[in-house]
Every structure is written in C-alpha cells, then in structure tokens.
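# Architecture and fold: a report
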Amino acid sequence: MGSAFRRPSALHHVVLVTALVAFQLAGVIGPVVPAHAAPGESCFTVSDGNDTLYRYNYDGPSYETIGAVGVPQIEAISWDPVNSILYAMDAGQLGTLNQSTGAFSAIGADSGLDMDGLGLDPFTGVMYGAVRRADGQSGGSGVYDDLATINITTGAVSVIGPIAGAQDDSGDDLYDVDDLAFDPTTGSLWGVANAGGNDTLIVINKVTGAVTQSVGEFGANDMEGLSWNDIGGLRGTTGAGAD
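Residues numbered from 1 in each chain as written. Predicted model: local features only at pLDDT ≥ 70, side-chain atom pairs only at ≥ 80, totals over all residues. Heavy atoms only, no water.

### A closer look at the overall build of the chain
- Each helix and strand counted, the chain has zero helices and 19 strands in total.
- Relative to its 243 residues, the chain shows a buried fraction of 54%.
- A total of about 9300 Å² of accessible surface is found on the chain, and carbon and sulfur atoms cover 50% of it. (Helix = DSSP H or I, 4+ residues; strand = E, 2+ residues; numbered from the N terminus. Buried < 20%, exposed > 50% of the residue type's maximum accessible area, 1.4 Å probe, protein only. Areas by Shrake-Rupley, 256 points an atom, 1.4 Å probe, with all protein chains shown as cover.)

In structure tokens:
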C-alpha cells in the first residue's frame, strides 16, 4: 500500500493498473483536475507479492524492475522531492529504498506499529503515517486508524489522533486508511479511507487527525496507494481486490 511519485507512487500488487483519480469536489477544496504527467515523471511501486521495487515511467509508458527490497512488510512509501529520497515503512520500521537496487535500509528502531500509509509534507518536511489499529476488513470496525508523525532521523513515531469522520457516498462510516498524500500546491493532506463501506477519497486535518471532508467514492474498491505529482495531478493505485 502507498504511493510515491518521482517528480513526485507503492503499489499493493504491481501487476495491477495505475488508476487515474479525478473528482469534482464540493465546498472549499475546489476541483481535482485530471492527473497529467509532468515531463520525465515516474512512479515508484512496491509489490507485496514478491517484495520488489519497480518504477513506472510515464514517458514510455513502461515498467522497470529495480530489485528486491529485502524486507517482507512494506505497505507504504513516500518520495521526498527536495532531497530525492524514497522512504518506506516495513510494518513499523522506517527506512529508505535504494533507487538503483531496491534495497531497504532501516532508520532507527522499529516502532512496533503497523503503518499502512505514508506521506511527506512538502512544505514542512514532516513525515506523516496512518497507523493500522484494527483491520476493519476483518471485522474490526469501530476502531479508527490513527494519524501519526514519524521522525525521519530516528524513526520515532508520535501519534496525533484517530482519523475519524470518513463516510462513503451512502453515509457508511469508514475505519481504515490505506494511504496518505500531500497536495504540493496547498499542503493539504489527503487519504484513502475504507473498511465499513466503499473506498473513498478524504481530506484530513494534519493537526488533529480528524477527517474534514469525505470527497467521494473512487468507483473502484481496494484503492491501495495515493500520490500527487508536482504539477497537481492526483493518482491512485489499486490492489488485487479492485473491481
């Protein structure tokens, strides 16, 4: 799960498609326009089927196999556009991925948490994560995932609060958050919410963790990754359960 564009995405299963996310929002956020590719744009993806780092090149388009990551539980990745670093979470262990070989290098100690989403604020350099508290897909509904910050030097995790308030178009409450992504033009934090209803695009208050807007359903379930490119294009990646 997760996404990271180089100029500024992790894909749950690489064999599946990269989906274009385009919504017309109501209220203060404004429209999300179709996601155009920037010149030279590429998208990093990690398959949790074979634990391998890939790169999708939009100029081709084509997939490029980079190499094995060497760890078994990467569910989220995030790109640092300022320092050209590809971060990843192996369950609760923060690290970086070598962009030439795919190899994972740990940063600090393992937090012992299960991090399912990752997003770097391009304005502040602060890393945020979505901590899985109970898998709503497995009957754990009623317990919301938490928003947290991750120290990119030590790997230490500080929990902010529950990502509560997401609803799908039918009004069903959503408990799990599968990825996070920052809009590079506004600094707003977006996410993928599911479990309890249909996969839905949300906007999150990064100070409290509360959902400020449930934008709308994606139209396909099992949306595993979300990322903005540096020209304001929002993209998503689907997993094996997409329909």
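### As for the packing of aromatic side chains
- The full count for this structure, using the stated rule, is six aromatic pairs.
- Ring centres of Phe44 and Trp79 lie 5.8 Å apart, and the angle between their planes is 35 degrees; this geometry places the pair in the tilted category. Highlighted residues: Phe44 in strand 3 (residues 42-47) and Trp79 in strand 6 (residues 74-80), separated in sequence by 35 residues.
- For Trp79, a relative accessible area of 9% corresponds to the buried category.
- Measuring from ring centre to ring centre gives 6.4 Å for Tyr54 and Tyr63, while their planes differ by 80 degrees; the resulting arrangement is edge-to-face.
- The exposure class assigned to Tyr63 is partly exposed, which follows from its relative accessible area of 35%.
- These aromatic residues form a ring-pair network of at least three members: Tyr54, Tyr56 and Tyr63. (Phe/Tyr/Trp six-rings, centres within 6.5 Å; stacked < 30°, edge-to-face > 60°.)

### As for the sheet that holds strand 6
- Across the sheet, four strands lie side by side as 6-7-8-9; this open sheet has antiparallel pairing. The outermost strands of the open sheet, each flanked by one partner alone, are strand 6 and strand 9 (104-106). Between one strand axis and the next, the sheet turns by 35 degrees as a mean value, whatever way the strands run.
- Pairing analysis gives three bridges linking strand 8 (residues 93-97) to strand 9, with the strands arranged antiparallel. Across the sheet, the residue bridging to Thr96 is Ser105, located in strand 9. (Pairing = 2+ DSSP bridges. Axes fitted to C-alpha atoms, helices over the stretch in contact; angles between N-to-C directions.)

### As for the nonpolar core
- Among the nonpolar cores identified, the biggest contains 14 residues, and Leu147, Ile163, Leu180, Ile202 and Ile204 are the most heavily contacted of them.
- Secondary-structure elements contributing two or more residues to this core are strand 11 (127-131), strand 14 (176-182), strand 15 (189-194) and strand 16 (200-204).
- In terms of residue count, strand 14 provides more of this core than any other element does, three residues in total.
- Filtering out sequence-adjacent residues up to four positions away, Ile202 remains in contact with Ile163, Ala166, Val177, Leu189, Trp190, Gly191, Val192, Ala193, Val211, Gln213, Ser214 and Val215.
- By size, the runner-up hydrophobic cluster in this structure holds 13 residues, among which are Leu53, Trp79, Ala88 and Phe104. (Core = buried A, V, L, I, M, F, W, Y, C linked by side-chain atoms within 4.5 Å. Contact = heavy atoms within 4.5 Å.)

### Re the pattern of salt bridges
- All chains considered together, the criterion is met by seven salt bridges.
- Across the pair Asp121 and Lys206 runs a salt bridge whose closest N-O atoms are separated by 2.6 Å. Of the two residues, Asp121 sits in the loop between strand 10 (115-120) and strand 11 while Lys206 sits in the loop between strand 16 and strand 17 (211-217), which places them 85 residues apart along the sequence.
- Residue Asp121 is classed as buried on the basis of its relative accessible area, which comes to 1%.
- What makes Lys206 partly exposed here is its relative accessible area of 26%.
- The closest approach of N and O atoms between Arg132 and Asp178, which form a salt bridge, is 2.8 Å. Residue Arg132 is located in the loop between strand 11 and strand 12 (146-150), and its partner Asp178 is located in strand 14; the two are separated by 46 residues in the primary sequence.
- Look at the salt bridges and you will find they share partners, linking Asp116, Arg132, Asp145, Asp176 and Asp178 into a network. (Salt bridge = Lys/Arg side-chain N within 4 Å of Asp/Glu carboxyl O.)

### Some remarks on the pairing of strand 14
- Within strand 14, seven of the seven residues are buried, which leaves it mostly tucked inside the rest of the structure.
- One ladder, built from six bridges, connects strand 14 with strand 15; its direction is antiparallel. Its bridge partner being in strand 15, Asp176 is matched across the sheet by Asn194.

### Considerations on the side chain of Arg132
- In this structure Arg132 comes out as buried when scored by relative accessible area, which is 13%.
- Engagement of the side chain of Arg132 in a polar contact is seen with the side chain of Asp116, the distance being 3.0 Å.
- In this structure, Arg132 is in contact with Asp114, Asp116, Asp145, Asp176, Val177 and Asp178, ignoring residues within four places of it in sequence. (Polar contact = N/O pair within 3.5 Å; in protein donor to acceptor, adjacent residues only side chain to side chain.)

### Quick word on the side chain of Ser78
- Relative to the helices and strands, Ser78 is located in strand 6.
- Ser78 gets classed as buried once you look at its relative accessible area, which sits at 5%.
- Polar side-chain contacts of Ser78 include one of 3.2 Å to the backbone nitrogen of Leu120.

These figures come from the coordinates and say nothing about function on their own.
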